[in-house]
Amino acid sequence: MTPEEMETVRPRLEAFAAEMLGSLARRDQRAKGELYLRGLMLDGKRKSMQPMAERLGVDHQQLQQFVSSSTWDYSKVRERLARWAAAHISPEAYAIDDVGFPKDGYDSPGVARMYCGALGKRGNCQVGVSVNLVSDRASSAVDWRLFLPESWDDTKYGEDALMAEAIRRRRAKAGIPDTERHREKWRLALDMLDEVRDNWELPDLPVAADAGYGDATGFREGLTERGLTYAVAVKATTTAHPGNATPQRPPYSGQGRPPVSAYPQPHTTLRALALAVGRAATRTVTWRQGSKATRRNPNAEMRSQFLALRVRPANRTIRRAADGSLPDCWLLVEWPPDSAEPTDYWLSTLPADTPLRELVRIAKIRWRVEHDYRELKDGLGLDHFEGRNYLGWHRHVTLASLAQAFCTMLRLDPKAPAPA
């Protein structure tokens, strides 16, 4: 926003900030929080401390102190944001994803050489995992975790005392609490779902995620254990039995241990199951309206061809019922008209009577996260934080999420001014 546009919406921003930052005990902290939000939303290429302070006409140490060393609980702010989003967005799903923060050097907490989507390759970066409340019309990132690679966890180097000590010094310098250790991204996602549902009392909703999470059997089973349904992307090579397959118990010879029930046919891949059913079984589905109209598609309808069938995912770690059977679920496949074979695969535990269009809509609703990340990074400085402090990183991404929620509030209000 330009300074003039900011002045137009500032009374609403002050009211929003007062609500979201109401858990901060001191008035000066709440004022600095609103100041930081203004800095994130004002036009400018960089949204790090010094450039923001220059645009705001204040000493950058005010912002630095507020984010890095002041005493306030970012989790309480996130809780208020999550409750606001649940009330205003009417969310239909939780979307799980992660985003890379390219970094120079090795002192920022969690930084390591790993794949970074922002770079499109492996590079020096941090990775943040988020839980977003999403609907077809709006979304909000409401909770975050910073992924700590094993290189930031001294307990992973118990036999190498020198390495473990070096990591402890590195962790202390970055202010990483001793309770924070390396955990897989999908475990961080489950931790956040527990927080938003159990601690913040948000509703149970279907979970959408890409194959980075869907391919983890532990993640899918963790969702089921929590009573959450899901529609998660998986690889074509994921193995399964057809939905109508049943285990059989071989006859007992009377010697040795009695045989256990097993499926008579070996499992196969999701790709093979889809190809066996064939393109003739696909149906054209329109799941939402996009933004790019063409002569052939004047309404910008998002549509493709899909196939849905019941399958029983199979691997050694999936728990079986007492009769040896594997749990069944939906296999959803996208098979575009101009493609020789399917291009995308999802597994879903939405009810067996779920219409195909609803299956597709929930599986595809994760697109909102890409919108959130793009807005957070391109417009609100999500990845511009230059501090090297664990607490500061969490506070910065929380405030960036508040800024995005305020922009969402303006967009949802038909009386909102143009800059929203």
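The present account deals with the structure reproduced in this document. (Residues numbered from 1 in each chain as written. Predicted model: local features only at pLDDT ≥ 70, side-chain atom pairs only at ≥ 80, totals over all residues. Heavy atoms only, no water.)

1. A few points about the overall build of the chain
Link 1 in the chain: When its secondary structure is counted, the chain shows 13 helices and twelve strands.
Link 2 in the chain: Relative to the globule expectation of 22 Å for 420 residues, the C-alpha radius of gyration of the chain, 24 Å, shows essentially globular dimensions.
Link 3 in the chain: Considering only C-alpha atoms, the chain reaches an extent of 85 × 65 × 40 Å along its principal axes.
Link 4 in the chain: In the chain, which comprises 420 residues, the proportion classed as buried is 51%.
Link 5 in the chain: The contacts of the chain with a sequence gap of at least 6 include a subset with a gap of at least 24, amounting to 66%. (Helix = DSSP H or I, 4+ residues; strand = E, 2+ residues; numbered from the N terminus. Rg over C-alpha atoms; globule rule 2.2 N^0.38 Å. Buried < 20%, exposed > 50% of the residue type's maximum accessible area, 1.4 Å probe, protein only. Contact = heavy atoms within 4.5 Å.)

2. Digging into unusual backbone geometry
Link 1 in the chain: You will see that Ser90, though not glycine, has its phi angle at about 55°, which is positive.
Link 2 in the chain: Inspection of the secondary structure puts Ser90 in the loop between helix 5 (74–88) and strand 1 (93–102).
Link 3 in the chain: Within the chain, Glu201 stands out as a residue other than glycine whose phi angle is a positive 60°.
Link 4 in the chain: Along the chain, the position of Glu201 falls in the loop between helix 7 (185–199) and strand 5 (207–209).
Link 5 in the chain: The exposure class assigned to Glu201 is exposed, which follows from its relative accessible area of 61%.

3. So, the environment of Gly227
Link 1 in the chain: The topology assignment puts Gly227 in the loop between helix 9 (217–225) and strand 6 (230–234).
Link 2 in the chain: Separated by 107 residues in sequence, Gly227 and Glu334 place their C-alpha atoms 27 Å apart.

4. Observations regarding the pattern of salt bridges
Link 1 in the chain: Counted by the stated rule, this structure contains 35 salt bridges.
Link 2 in the chain: In this structure, the salt-bridge partner of Asp143 is Arg78, at a minimum N-O distance of 3.2 Å. Note that Asp143 is positioned in strand 4 (residues 139–146) and Arg78 in helix 5, a separation of 65 residues in sequence.
Link 3 in the chain: Under the relative-accessibility criterion, Arg78 is labelled buried at 2%.
Link 4 in the chain: Among the salt bridges present, the one from Arg361 reaches Glu92, with a minimum N-O distance of 2.8 Å. Pair noted here: Arg361 is in helix 11 (residues 356–364) and Glu92 is in the loop between helix 5 and strand 1, with a separation of 269 residues, a long-range link.
Link 5 in the chain: What you see here is one network of salt bridges that share partners, running through Asp153, Asp154, Glu165, Arg168, Arg169, Arg171, Asp178 and Arg181. (Salt bridge = Lys/Arg side-chain N within 4 Å of Asp/Glu carboxyl O.)

5. Notes on the side chain of Glu34
Link 1 in the chain: Position of Glu34 relative to the elements: it lies in helix 2 (residues 27–41).
Link 2 in the chain: With relative accessibility at 8%, the residue Glu34 sits in the buried group.
Link 3 in the chain: Sequence-distant contacts of Glu34, that is, excluding residues within four places in its chain, are made with Arg10, Leu13, Glu14, Ala17 and Leu21.

6. Some words on the packing of helix 2 against helix 4 (residues 60–68)
Link 1 in the chain: Where helix 2 contacts helix 4, the two axes come as close as 10 Å, and the packing angle between them is 110°. As far as their axial angle goes, helix 4 and helix 2 are roughly perpendicular. At the point where helix 2 passes helix 4, the crossing takes the left-handed sense. Where helix 2 approaches helix 4, its residues Gln29, Lys32, Gly33, Leu35 and Tyr36 are matched on the opposing element by Gln62, Leu63, Gln65, Phe66 and Val67.
Link 2 in the chain: Across the contact of helix 2 with helix 4, the residue classes tally to five nonpolar, four polar and one charged. (Axes fitted to C-alpha atoms, helices over the stretch in contact; angles between N-to-C directions. Parallel < 35°, antiparallel > 145°, perpendicular 65-115°, else oblique. Left-handed = near helix turned anticlockwise from the far one by under 90°. Nonpolar A, V, L, I, M, F, W, Y, C, P; charged D, E, K, R; others polar.)

7. Considering the nonpolar core
Link 1 in the chain: Counting residues in hydrophobic clusters, the biggest one holds 108 residues, and the most contacted among them are Phe219 and Leu399.
Link 2 in the chain: No other element matches the twelve residues that helix 13 (residues 390–412) contributes to this core.
Link 3 in the chain: Not counting residues up to four positions away in its chain, the partners in contact with Leu399 are Leu21, Tyr36, Leu37, Leu40, Phe66, Val67 and Trp72.
Link 4 in the chain: Counting 14 residues, the second-largest nonpolar core is a separate cluster that includes Ala231, Val285, Leu356 and Val360. (Core = buried A, V, L, I, M, F, W, Y, C linked by side-chain atoms within 4.5 Å.)

8. Looking at the side chain of Ser139
Link 1 in the chain: With respect to the secondary-structure elements, Ser139 resides in strand 4.
Link 2 in the chain: Looking at Ser139, the relative accessible area reads 1%, which means it is buried.
Link 3 in the chain: One polar contact links Ser139 to Arg368, side chain to side chain, over a distance of 3.0 Å.
Link 4 in the chain: A distance of 2.7 Å separates a polar atom in the side chain of Ser139 from a polar atom in the side chain of Asp372.
Link 5 in the chain: Excluding residues within four positions of it along the chain, Ser139 makes contact with Ile89, Leu133, Val134, Arg368, His371, Asp372, Gln404 and Thr408. (Polar contact = N/O pair within 3.5 Å; in protein donor to acceptor, adjacent residues only side chain to side chain.)

9. Digging into the environment of Ala245
Link 1 in the chain: Position of Ala245 among the secondary structure elements: in the loop between strand 7 (239–242) and strand 8 (268–269).
Link 2 in the chain: Looking at Ala245, the relative accessible area reads 17%, which means it is buried.
Link 3 in the chain: Once the C-alpha coordinates of Ala245 and Tyr263 are considered, the two residues, 18 residues apart in sequence, prove to be 7.2 Å apart.
Link 4 in the chain: Ala245 has contacts with Tyr263 and Arg312, leaving out every residue within four places of it along the chain.

10. Brief notes about the packing of aromatic side chains
Link 1 in the chain: Following the criterion strictly, the structure yields eight aromatic pairs and no others.
Link 2 in the chain: For the pair Phe16 and Trp84, a centre-to-centre distance of 5.6 Å together with 85° between the ring planes defines the contact as edge-to-face. Of this pair, Phe16 sits in helix 1 (residues 3–20) while Trp84 sits in helix 5, placing them 68 residues apart in sequence. Accessibility assignment for this pair places Phe16 and Trp84 in one class, buried.
Link 3 in the chain: Each ring, one from Trp144 and one from Trp393, has its centre 6.4 Å from the other, and the planes form 85°; the classification is edge-to-face. Pair noted here: Trp144 is in strand 4 and Trp393 is in helix 13, with a separation of 249 residues, a long-range link. You'll find Trp144 and Trp393 in the same group, each marked buried.
Link 4 in the chain: What links up through ring pairs into an aromatic cluster is the set Phe101, Trp144, Tyr373 and Trp393.
Link 5 in the chain: Sitting above the plane of the Phe147 ring, Lys185 keeps its charged end 5.1 Å from the centroid. (Phe/Tyr/Trp six-rings, centres within 6.5 Å; stacked < 30°, edge-to-face > 60°. Lys NZ or Arg CZ within 6 Å of the ring centre and 35° of its normal.)

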